[in-house]
Amino acid sequence: MNFAVRCRSHLTGWISVLLLSSCSVGPDFKLPPVLMPAKWKNGSSSVGDLPPPNEWWRLFNSSELNELVAQSLANNQDLKGALARAETARILVGVQEADWFPQLSMKNAMTYERLSLTSFGANLPAGIPLPGIHRRRFQNLLELGWELDLWGRVRRGVEGARANQLVVEETLAAQRLSIAAEVARLYFLTRSLDRQIQVVNETIGSRQEAQGLQQSRFEGGLANEMDVSRARTEVELARNDLAALERQRGNAENALAVITGQLPSTFRLARSGRLPGMPRVPGGIPSSLLQRRPDIRAAEQRMREANAKVGVAKASFFPTFQIGGSGGLESIGAAQFYDARSRILSIGPSMTLPIFQGGRLKANYKASKSQYEETLAAYQQSILTALKEVEDSMLDVRAYGRQQSALNAAINAAGETERLADLRYQKGLASYFEVVEGNRTVLSAKLLAAQVEGQRLIAAVAMLKALGGGW
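Worth saying up front: this structure is predicted, and the values here are computed from it rather than measured.

S.K.: How do you make sense of the overall build of the chain when you look at a structure like this?
M.R.: When helices and strands are tallied, the chain shows 10 helices and 6 strands. Against the globule reference of 23 Å for 471 residues, the chain gives a C-alpha radius of gyration of 39 Å, more extended than a compact globule. Its C-alpha atoms give the chain principal-axis dimensions of about 140 × 55 × 40 Å. The proportion of buried residues among the 471 residues of the chain is 39%. Contacts spanning at least 24 positions in sequence make up 85% of the contacts within the chain whose residues lie at least 6 apart. Per element, the accessible surface of the chain, about 26200 Å² overall, is 56% carbon and sulfur. Separation of charge centres in the chain, based on 56 positive and 45 negative side chains, amounts to 9 Å.

Pasting the structure below:
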């Protein structure tokens, strides 16, 4: 057996022993125990036990809303940026995985060298002639480098990169959920404003009729000038309310245009005072939030990434084993460059052991453990925040439902009050001020009822978002 064969045999055996003894230092990731409630505190008959469907906005049975959400998910520019970030994270996993494989590169070089006479001839006896101190060196080499991942530094790095990829993907899911919820919120806000505008327009019409009646009564000597002035004031106040509502609707419509990726100047949403009915929202059990909420899943992956970095920091305390080598052609001068005697070869293992780093490795390890504790706290806080958001939204839905029932009864009572006040005024038993007050009460109750109806639907959207939206 010649020398080259013996070297290859020893090298193969050495690598096999090292690979078989390899391990991953650092802690393996485990989810911390989390205390979750068995049921919702503010759950009601409007909340079911099943989780929300993927396209949860279809629960409202509005084809117009479905189309707007589809446009936003396809055209929203923030979402397109998030998609690009997710693709970047996926590709960077491949960059990290490249450390698993041998690295091979080619080196071509031509250098000019001049040797130092004082250095080269310092130890030669006097009178010995010095060789030429000028030369050109030609190289054409293949260089090989491969780190043997005995302590799991590369494996932990890949684990962290994959966790970061999942963080970005879950953040993308959370952004999709937020965009769909914002579209639904703006849509119901716009429809609520349409209902309020319809109420004010009807009020303006009735007040204009009352103003004309008071003017006729004044001209006939049956009413005083104050009643005419008060009637005119009520008309203008209603027009003020209309202008404010139109401004709010315009702002909501422009926001819908931007979130769906359209130009505000050309986007139009047809007016309609019709609001969809309140759906029965599937809620599921509280513990299902851990799987459904993308922000909680993202927080979990951040913990996994930080845990992997602890392993990388731990591996830096151990020696690094590498297989390195180079081979090719090298000569002094170009004439013999392709001669067989110009061949060179160098290959073998190497070990690097950190001995003194000034405390850098220890500090980096402690910092990675602290960062993990930070992500652990963020994970637990995200669960608490999610539970609070669900309870708040359920409470809002229930409270708005009670408000809506009370306001419907108030509208009926206010209408009856307005009718009686007008009857008393016609009989001369009350002033026109009572009629005005009765009309104002009816208008306020109807506007508030339209607002509450829209807010109840918006609260249902917030509840579906807080429940994870089924993504």
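So, next bit.
S.K.: Please clarify how the environment of Ser-431 should be interpreted in this entry.
M.R.: Looking at where Ser-431 falls in the secondary structure, it is placed in the loop between helix H9 (360–426) and helix H10 (432–466). Residues Ser-431 and Ala-421, spaced 10 residues apart in sequence, show a C-alpha to C-alpha distance of 8.7 Å.

S.K.: Mind showing me how you'd approach the packing of aromatic side chains here?
M.R.: Two measures describe an aromatic ring pair: the distance that separates the ring centres and the angle between the ring planes. Following the criterion strictly, the structure yields 8 aromatic pairs and no others. Three or more aromatic residues link up through ring pairs in this structure, and these residues are Phe-60, Tyr-187 and Phe-188. In this arrangement the basic side chain of Lys-314 is found over the ring face of Tyr-365, its NZ or CZ atom lying 5.3 Å from the centre.

S.K.: Just checking my understanding: could you explain the packing of H9 against H10 for this structure?
M.R.: When two helices pack together, their arrangement is given by the angle between their axes and by how far apart the axes lie. Interhelical geometry of H9 versus H10 gives an angle of 165 degrees and a closest axis separation of 8 Å. By the criterion of interaxial angle, the relationship of H9 to H10 is roughly antiparallel. Every pair of crossing elements has a handedness; the one defined by H9 and H10 is left-handed. Considered class by class, the residues forming the contact of H9 with H10 number 21 nonpolar, 9 polar and 9 charged.

S.K.: Would you explain helix H5 (residues 153–219) in this entry?
M.R.: An α-helix turns once every 3.6 residues. As a result, residues three or four positions apart point the same way. The first and last C-alpha atoms of H5 sit 96 Å apart over 67 residues, in line with the 99 Å expected at 1.5 Å per residue. Residue Gly-221 follows H5 closely and has a positive phi angle near 80 degrees.

S.K.: What is the right way to read the pattern of salt bridges from this model?
M.R.: Side chains that differ in charge, positive against negative, can pair when their charged atoms come close. The full count for this structure, using the stated rule, is 31 salt bridges. The partner of Asp-194 in a salt bridge is Arg-249, and the shortest N-O contact between them spans 2.4 Å. With Asp-194 in helix H5 and Arg-249 in helix H6 (residues 225–259), this pair connects stretches of sequence that are 55 residues apart. Judged by relative accessible area, which is 5%, Asp-194 ranks as buried.

S.K.: Can you help me understand the environment of Arg-185 in this one?
M.R.: Among the structural elements, Arg-185 can be located in helix H5. What makes Arg-185 partly exposed here is its relative accessible area of 31%. With 274 residues separating them in the primary sequence, Arg-185 and Ala-459 have C-alpha atoms 8.6 Å apart.

S.K.: Teacher, can you tell me more about the confidence of the model for the chain here?
M.R.: In low-pLDDT segments, the atomic positions of the prediction should not be examined closely. Of all residues in the chain, 90% have pLDDT values of 70 or greater, and the mean over the chain is 87. Throughout residues 17–21 the model reports pLDDT below 50, and contacts reaching past four residues in sequence, or to other chains, amount to 5 contacts.

S.K.: Looking at this structure, how should I read helix H8 (residues 294–315)?
M.R.: The end-to-end C-alpha distance of H8, which contains 22 residues, comes to 32 Å, matching closely the 32 Å that a straight helix rising 1.5 Å per residue would cover. Burial within H8 is extensive, with 16 of its 22 residues counted as buried.

S.K.: Explain the environment of Glu-246 to me, please; I cannot follow it from the model alone.
M.R.: Turning to its location among the elements, Glu-246 is positioned in helix H6. Assessed through its relative accessible area of 29%, Glu-246 is described here as partly exposed. In this structure the C-alpha to C-alpha distance between Glu-246 and Thr-190, which are 56 residues apart in sequence, comes to 10 Å. Contact partners of Glu-246, with chain neighbours within four places excluded, come to Ile-197 and Arg-271. A polar atom in the side chain of Glu-246 sits 2.7 Å from the side chain of Arg-271.

S.K.: Help me out: how do you make sense of the nonpolar core in this one?
M.R.: Proteins that are soluble and globular tend to have nonpolar side chains buried together. One finds Trp-56, Phe-60, Leu-65, Val-183 and Phe-188 to be the most contacted residues of the largest nonpolar core, which totals 59 residues. If you list the elements that add at least two residues to this core, you get helix H2 (63–75), helix H3 (77–97), H5, H6, helix H7 (289–292), H8, H9 and H10. The dominant element in this core, judged by the number of residues it contributes, is H5, at 11 residues. If near-sequence neighbours (up to four positions away) are discounted, Phe-188 is found in contact with Phe-60, Leu-65, Leu-275, Pro-276, Gly-454, Leu-457, Ile-458 and Val-461. Among the nonpolar cores identified, the runner-up in size contains 10 residues, and Leu-193, Val-199, Ile-204 and Leu-242 belong to it.

S.K.: Is there a simple way to think about the sheet that holds strand S3 (residues 134–148) in this case?
M.R.: Sheet strands pair by backbone hydrogen bonding; their relative direction is either parallel or antiparallel. The antiparallel open sheet is built from 4 strands, whose spatial order is S2-S3-S5-S6. In the strand order of this sheet, the two ends are held by strand S2 (103–114) and strand S6 (343–352), each with one partner. For this sheet the average axis-to-axis angle between neighbouring strands, irrespective of direction, equals 20 degrees.

Cut-offs applied
Every chain is numbered on its own, with residues counted from 1 as its sequence reads. Local features in this predicted model are restricted to residues of pLDDT 70 or higher, and side-chain atom pairs are both shown and tallied only at a pLDDT of 80 or more, whereas totals for entire chains, interfaces and linings draw on every residue. With hydrogens and water excluded, all non-hydrogen atoms of the structure serve as input to the side-chain values. In DSSP terms, a helix is any run of H or I states spanning at least four residues, a strand is any run of E spanning at least two, and both are numbered starting from the N terminus. The globule rule is 2.2 Å times the number of residues to the power 0.38, and the radius of gyration it is compared with is taken over C-alpha atoms. Whether a residue is buried, partly exposed or exposed follows from its accessible area with a 1.4 Å probe, protein chains only, as a fraction of its type maximum: under 20%, in between, or over 50%, in that order. Whether two residues touch is decided by their heavy atoms; if any such pair falls within 4.5 Å, the residues are in contact. Shrake-Rupley sampling with a 1.4 Å probe provides the accessible areas, and residues are treated as covered by the protein chains on show and by no other component. Positive charge is attributed to Lys and Arg, negative charge to Asp and Glu, and no charge count is given to His or to the chain ends. Where a charge lies is defined by one atom per residue type, namely NZ (Lys), CZ (Arg), CG (Asp) and CD (Glu). Aromatic contacts are taken between Phe, Tyr and Trp rings whose centres are within 6.5 Å, Trp giving its six-membered ring; a plane angle under 30 degrees counts as stacked, one over 60 as edge-to-face, and the others as tilted. For a ring to carry a charge above it, either NZ of a lysine or CZ of an arginine must fall within 6 Å of the ring centroid while also lying within 35 degrees of the normal to the ring plane. Helix axes are fitted only over the stretch in contact, all axes being lines through C-alpha atoms; the angle between N-to-C directions runs from 0 to 180 degrees. Put simply, angles under 35 degrees are roughly parallel, angles over 145 are roughly antiparallel, angles from 65 to 115 are roughly perpendicular, and the rest are oblique. For any pair of crossing helices, the crossing counts as left-handed if the nearer helix is rotated counterclockwise from the farther one by less than a right angle, and right-handed if it is rotated clockwise. The classification used treats Ala, Val, Leu, Ile, Met, Phe, Trp, Tyr, Cys and Pro as nonpolar, Asp, Glu, Lys and Arg as charged, and all other residues, Gly among them, as polar. Expected helix span is taken as 1.5 Å per residue step, with the number of steps being one fewer than the number of residues. When a carboxyl oxygen of Asp or Glu is within 4 Å of a side-chain nitrogen of Lys or Arg, the pair counts as a salt bridge. One confidence number per residue, pLDDT, is output by the predictor and ranges from 0 to 100. Counted as a polar contact is a pair of N or O atoms within 3.5 Å, where, for protein atoms, one must be capable of donating a hydrogen and the other of accepting one, and residues adjacent in sequence contribute only when both atoms are in side chains. By convention a nonpolar core is built from buried Ala, Val, Leu, Ile, Met, Phe, Trp, Tyr and Cys residues, the set being connected through side-chain atoms within 4.5 Å. Being paired, for any two strands, means DSSP has found at least two bridges between them.

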